[in-house]
Each structure stands twice: as structure tokens, then as C-alpha cells.
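Geometric and topological summary
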Amino acid sequence: MSHTAVDVTVGFIGLGSMGSGMTRNLQKAGFSLVVNDIRRDQAAELLAGGARWASSPAEVAAGSDLVITMLPTPKHVGEAAKGIVDGIAPDGTWIDMSTSVPEVADEIRKANPGLHVLDAPVSGMSVGAAAGLLQIFIGGDEADVTRLRPVFEAMGDKDRILHVGAHGAGYTVKLMLNQLWFTHLVATAEVLAIGVKAGVDLGVLRNALVNSPATSNFVERDVLSVLEQGDYDEGFAIALACKDLGLSLDLAGTVGVPAELSALVEQIYRRARAAYGDRAGEMTPMRLYEDLIGVDLRL
């Protein structure tokens, strides 16, 4: 990007648990912001810092050099995209950082051939968004990725901003990452519950796993939020986890790969959602196993 950050106005739609941290870091890096969300109060801190409010996606697009969306579902992305197209310059730039599917962006790109469209979903949870240390998976043209690197670096860890392929590849990598993480969670919960029920101390069992060929980043690090703090990560609701798992299975069907294990993980997630409610955290399936053995898994 040949301009300095101050010269570039970033339009941002979606100020939830991820978008709020991402926009704060863009503002910190010197980018001017035009923002929109269904709840205006989400923007209070940004507006105090000099951001402008726009009342619609079209208004965001009309008032900015590039537009970023960070929204909960493909349906929300599709609705915002219609407005963005109404307001954006014919050669404008739209980056969708939501966990979504290629169809929405493909449709927009076909109808507006001059538009620069990238999919750039993220990993790192709301903590990573707040710290500006997200991992970003970008699908799109190499030239666009290079031009927009300063924007990505304001939100992400510069060593983990990855150009993963053509349009749609970013969405695919993110769905596969989520699928594997959710599978790690269910497998870990099951193993810990069985071992503890069989009389092994939880700390001893986890330590044995960490020092074995069966270890994983999940067993070493992520599971500790439950084992140490009883925190099931409500920053990411289980309703959204179920949405992601559904998109993953849809993709498996589209490419014709059987996904028996992923389908079972999805069912376990749906059971946890039914038991504990839509707003329960993404790690709540661990509670199913705790309730089964009648023990909270805590170190």
C-alpha cells in the first residue's frame, strides 16, 4: 500500500468480540476508521478515538478506501455484501475476515469484475484480536495480499499472516483448523474423563499425555483454561462453533470426502449446545464429560 496508514480509511463492519479488538488495533496503527454494527454502543470507544459512524454497509463502503467485514455467519456476510456493492468504488477492495464460505464472495466478484475481493479469516480467539496477534489465512491475488499487508499487520502477528492460495482458500483453511481443534477438544475431554474415573490423578494423567507422542497444542495449552480456571471460553459462543462445524461438513460433502469423525464431533457439540444453551462457551462439550463422571476436571 503506497499510502501511510493515516492516508488510508478502513471501513469495518462487525464490532463483536473479534471486531472490537481488531478495530482498536487498526486505530492504534494510525488508520482512519468508518464503522458499522447492529449495536451503535459497540462503537463508543472507537468514536471517542476519532472513528466515524456509518448507518449502513453502503455508507461504510462509500466513505472508505477499503472495507473489512467480521460477521457471525455467511448469511450476515451476504446481507452486508449487498450494501457494500452499492457504496463501493468499481475498483474498490473488500476483505471478508469472517469464518464463512466462498459462495457469497464468488457471487460478488463475478457480478463486479473490477472489485478486489479477499477472504482472510483469522485464528487466535478474542484474546488474540485484542492483542493484535491473530493468525490470518488469506485467499486471493498475490498483488492484493502484498498491497494490503500493512492492514493485516495492524491486526495480526506478522509472522503468521499466511497467503494460503486463491480465492476461497482462506475460508477452507480456517474451517479445517476449527474442525481439527474441536476434534482435539472432544478427544481430550473423553480421555481425561475416562482416566480420572479410573482413578488416575488429573495432573499426573495430563503430564503423561504432554510428554507422550499423543501430545498436542490443545493438551499442552488450550485445555488449561478449563482445567485451571473453569473457563469454557464464552468469548466464542457454542452456537457459532456449531455453525462452523456445519460449514465444515458441508464442505466435505461438496468435495466428496466422507467425514464420519467430524460428523460425530458435530453431534457432540450440538448435544452440548442443547444442554447448556446457545451462549455457552466453545469449550462447553468438556462439561458433558464432567457431568457424566460427576467430577469437574480441575488441576
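Scroll up for the structure.
What comes next concerns the included structure. (Residues numbered from 1 in each chain as written. Predicted model: local features only at pLDDT ≥ 70, side-chain atom pairs only at ≥ 80, totals over all residues. Heavy atoms only, no water.)

**Points about the packing of helix α9 (residues 169–197) against helix α15 (residues 285–293)**
- Remark: α9 packs on α15, axes separated minimally by 9 Å, with the N-to-C direction vectors making an angle of 15 degrees. Here α15 runs roughly parallel to α9, going by the angle between their axes. Pair α9 / α15 crosses with right-handed handedness. Between α9 and α15, the contacting residues are Leu-185, Val-186, Ala-189, Glu-190, Leu-192, Ala-193, Val-196 and Lys-197 on the first element and Pro-285, Met-286, Tyr-289 and Ile-293 on the second.
- Broken down by class, the residue content of the contact of α9 with α15 amounts to 10 nonpolar, no polar and 2 charged. (Axes fitted to C-alpha atoms, helices over the stretch in contact; angles between N-to-C directions. Helix = DSSP H or I, 4+ residues; strand = E, 2+ residues; numbered from the N terminus. Parallel < 35°, antiparallel > 145°, perpendicular 65-115°, else oblique. Left-handed = near helix turned anticlockwise from the far one by under 90°. Contact = heavy atoms within 4.5 Å. Nonpolar A, V, L, I, M, F, W, Y, C, P; charged D, E, K, R; others polar.)

**Looking at the pattern of salt bridges**
- Summed over all chains, the structure comprises 11 salt bridges.
- With a shortest N-O distance of 3.0 Å, Arg-149 and Glu-153 are connected by a salt bridge. Pair noted here: Arg-149 and Glu-153 are both in helix α8 (residues 149–155), with a separation of 4 residues, about one helical turn.
- Between Asp-244 and Lys-243 there is a salt bridge; the shortest N-O distance is 2.8 Å. Side by side, Asp-244 and Lys-243 carry an identical accessibility label, which is buried. (Salt bridge = Lys/Arg side-chain N within 4 Å of Asp/Glu carboxyl O. Buried < 20%, exposed > 50% of the residue type's maximum accessible area, 1.4 Å probe, protein only.)

**Some points on the packing of aromatic side chains**
- Taken as a whole and assessed by the stated rule, the structure comprises 3 aromatic pairs.
- On the numbers, 5.8 Å between centres and 75 degrees between planes, the contact of Trp-181 with Phe-182 is edge-to-face.
- Looking at Trp-181, the relative accessible area reads 15%, which means it is buried.
- On the basis of relative accessible area, Phe-182 is assigned to the buried category, the value being 2%.
- By the ring-pair criterion, three or more aromatic residues cluster together here, those being Trp-181, Phe-182, Phe-218 and Tyr-269. (Phe/Tyr/Trp six-rings, centres within 6.5 Å; stacked < 30°, edge-to-face > 60°.)

**Focus on the pairing of strand β6 (residues 116–119)**
- Examined bridge by bridge, strand β5 (residues 93–96) and β6 share 4 bridges and lie parallel to one another. The partner of Trp-94 across the bridge, within β6, is Val-117.
- At this point the chain moves from β5, through helix α5 (residues 102–111), to the parallel β6, and the crossover so formed is right-handed. (Pairing = 2+ DSSP bridges. Right-handed = clockwise from strand over helix to strand, strands pointing away.)

**A closer look at the environment of Ile-238**
- With respect to the secondary-structure elements, Ile-238 resides in helix α13 (residues 238–255).
- For Ile-238 and Pro-121, which are 117 residues apart along the polypeptide, the C-alpha to C-alpha distance reads 18 Å.
- Not counting the four nearest positions on each side in its chain, Ile-238 is found in contact with Tyr-269, Ala-272, Arg-273, Gly-277, Asp-278, Ala-280, Gly-281, Glu-282, Thr-284 and Pro-285.

**A closer look at unusual backbone geometry**
- For Met-125, which is not a glycine, the phi torsion comes out positive at approximately 60 degrees.
- Counting through the fold element by element, Met-125 comes out in helix α6 (residues 125–131).
- With a phi close to 60 degrees, Asp-233 is a non-glycine residue in the positive phi region.
- With respect to the helices and strands, the residue Asp-233 is situated in the loop between α12 (224–229) and α13.
- According to the relative accessible area criterion, Asp-233 is buried, its value standing at 13%.

**Side note on the environment of Cys-242**
- Along the polypeptide, Cys-242 turns up in helix α13.
- Residues Cys-242 and Glu-282, 40 residues apart in the sequence, show an inter-C-alpha distance of 8.8 Å.
- Setting aside anything within four residues of it in sequence, one finds Cys-242 in contact with Tyr-269, Arg-270 and Arg-273.

**With respect to the packing of α13 against helix α14 (residues 260–276)**
- Taken N-terminus to C-terminus, the directions of α13 and α14 make an angle of 160 degrees; their axes are 10 Å apart at the nearest point. Taken together, the axes of α13 and α14 lie roughly antiparallel to each other. α13 and α14 meet at a crossing whose hand is left-handed. For the pair α13 and α14, contact is made by Ile-238, Ala-239, Ala-241, Cys-242, Leu-245, Gly-246 and Leu-249 and by Ser-262, Ala-263, Val-265, Glu-266, Tyr-269, Arg-270, Ala-272 and Arg-273, respectively.
- Residues of the contact of α13 with α14, tallied by class, amount to 10 nonpolar, 2 polar and 3 charged.

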